[in-house]
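Observations on the model geometry
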Amino acid sequence: MSSKTKIVVLRMKELIYTGIFVALGILLILLLVYMFAPKGKKSPASADAAYTPGVYTSSITLGGNAVDVAVTVSETRIESIAYNNLSEAIETMYPLMQPALDNLADQICETQSLDGLDYSEDTQYTSQVILGAVERALEKAAAPQADDTP
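Let me begin by describing the structure that accompanies this report. All residue numbers here refer to positions counted from 1 along the written sequence of the relevant chain. The predicted nature of this model means local features are confined to residues of pLDDT at least 70 and side-chain atom pairs, given and counted, to a pLDDT of 80 or more, with totals for whole chains, interfaces and linings taken over all residues. To obtain the side-chain values, all non-hydrogen atoms of the structure were included, while hydrogens and water were left out.

**Examining the overall build of the protein**
- Helix numbering and strand numbering both begin at the N terminus, where a helix is a DSSP run of H or I of at least 4 residues and a strand a DSSP run of E of at least 2. Of regular secondary structure, the protein possesses 5 helices and 3 strands.
- Going from the N terminus to the C terminus, the protein shows its helices and strands as α-α-β-β-β-α-α-α.
- Counting every position in the protein, which comprises 150 residues, the buried fraction comes to 24%.
- Whether two residues are in contact is decided by their heavy atoms, any of which lying within 4.5 Å being enough. For the protein, the proportion of contacts with a sequence separation of at least 24, taken over those separated by at least 6, is 50%.
- Here, Shrake-Rupley sampling with a 1.4 Å probe gives the accessible areas, and only protein chains in the shown set may cover a residue. In the form shown here, the protein has an accessible surface area of approximately 11,200 Å², with 59% of it arising from carbon and sulfur atoms. For every residue, the accessible area (1.4 Å probe, protein chains only) is compared with the maximum for its type, and the residue is labelled buried under 20%, exposed over 50%, or partly exposed between those bounds.

**Notes on the side chain of D68**
- Checked against the element boundaries, D68 lands in strand β2 (residues 65–73).
- The side chain of D68 is buried and forms no salt bridge, while K140, the nearest opposite charge, is found at 7.9 Å.
- Under this definition, polar contacts are N or O atom pairs within 3.5 Å; protein pairs additionally need one hydrogen-donor-capable and one acceptor-capable atom, and for neighbouring residues in sequence, both atoms have to be side-chain atoms. Here S59 takes part through its side chain, which lies 2.7 Å from a polar atom of the side chain of D68.
- When near neighbours in sequence (up to four residues on either side) are disregarded, D68 contacts T57, S58, S59, A82, Y83, N84 and N85. Under this rule, positive means Lys or Arg and negative means Asp or Glu; His and the chain ends count for nothing. Here a salt bridge means any side-chain nitrogen of Lys or Arg lying within 4 Å of a carboxyl oxygen belonging to Asp or Glu.

**Here's the deal with the packing of helix α4 (residues 97–111) against helix α5 (residues 124–141)**
- The axes used here are C-alpha line fits, helices contributing only the stretch in contact, and every angle between their N-to-C directions lies in the interval 0 to 180 degrees. Packing of α4 against α5 leaves a shortest axis separation of 9 Å and a crossing angle of 55°. The orientation of α4 with respect to α5, classified from their angle, is oblique. As α4 runs across α5, the sense of the crossing is right-handed. Residue-level inspection shows M97, A100, L101, L104 and I108 of α4 in contact with α5, the latter providing T126, S127, I130, L131 and V134. For classification, angles of less than 35 degrees are called roughly parallel, those exceeding 145 degrees roughly antiparallel, those between 65 and 115 degrees roughly perpendicular, and all remaining angles oblique. Working rule for handedness: look at the near helix, and if it is turned counterclockwise from the far one by less than a right angle, call the crossing left-handed; if clockwise, right-handed.

**Quick word on the nonpolar core**
- Core analysis: the biggest nonpolar cluster contains 27 residues, and V71, V73, I78, I81, I108, I130 and V134 have the highest contact counts within it.
- Looking at this core, the elements that each hand over two or more residues are β1 (54–62), β2, β3 (78–84), α4 and α5. Among buried residues, those of type Ala, Val, Leu, Ile, Met, Phe, Trp, Tyr and Cys that are joined through side-chain atoms within 4.5 Å constitute a nonpolar core.

**Remarks on a nonpolar patch on the surface**
- Two distance rules govern patches: like charges are joined within 9 Å, and nonpolar side chains (Val, Leu, Ile, Met, Phe, Trp, Tyr) within 5 Å, applied only to residues with over 30% relative accessible area and no salt bridge. Taken together, V8, L10, M12, L15, I16, Y17, I20, F21, L24 and L27 make up a surface patch of nonpolar side chains, about 1,100 Å² in accessible area.
- Secondary-structure assignment places Y17 in helix α1 (residues 12–36).
- Taking relative accessible area as the criterion, Y17 reaches 46% and is therefore assigned partly exposed.

**Description of the side chain of T123**
- Along the chain, the position of T123 falls in the loop between α4 and α5.
- Excluding its chain neighbours within four sequence positions, the residues that come into contact with T123 are L96 and A100.

Taken by themselves, the reported measurements are silent on function.
And the structure:
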């Protein structure tokens, strides 16, 4: 039997280029795995948390007097909405303020949303002012998202 010996000649330049490309390929794969791997698991409480618990206020100016709309929230719910600093003079001059807030507070606490609320034609402008204040207070209460921080 005759064996044919094959001699393979590799040039050093080709070996170096091949080594560099293999190292770059491995580096690219590691980089992709690092970038797209999940960052960490959220705890169940923080995953559902929509608000930082507390009482948050937003002001409405009526006739030169400030009235605070206080929104009380837990981690997942809007608990209550009420006025702070509502003087008798403001109540007398703006008699639709309290009924409008009571109506909106009931709806918001029930639906947990500011969308699709019903209010009468008599209180539409008052309700819009109150909704703006409630929205600003809820923006303050919003829980920071874990994905926003590095």
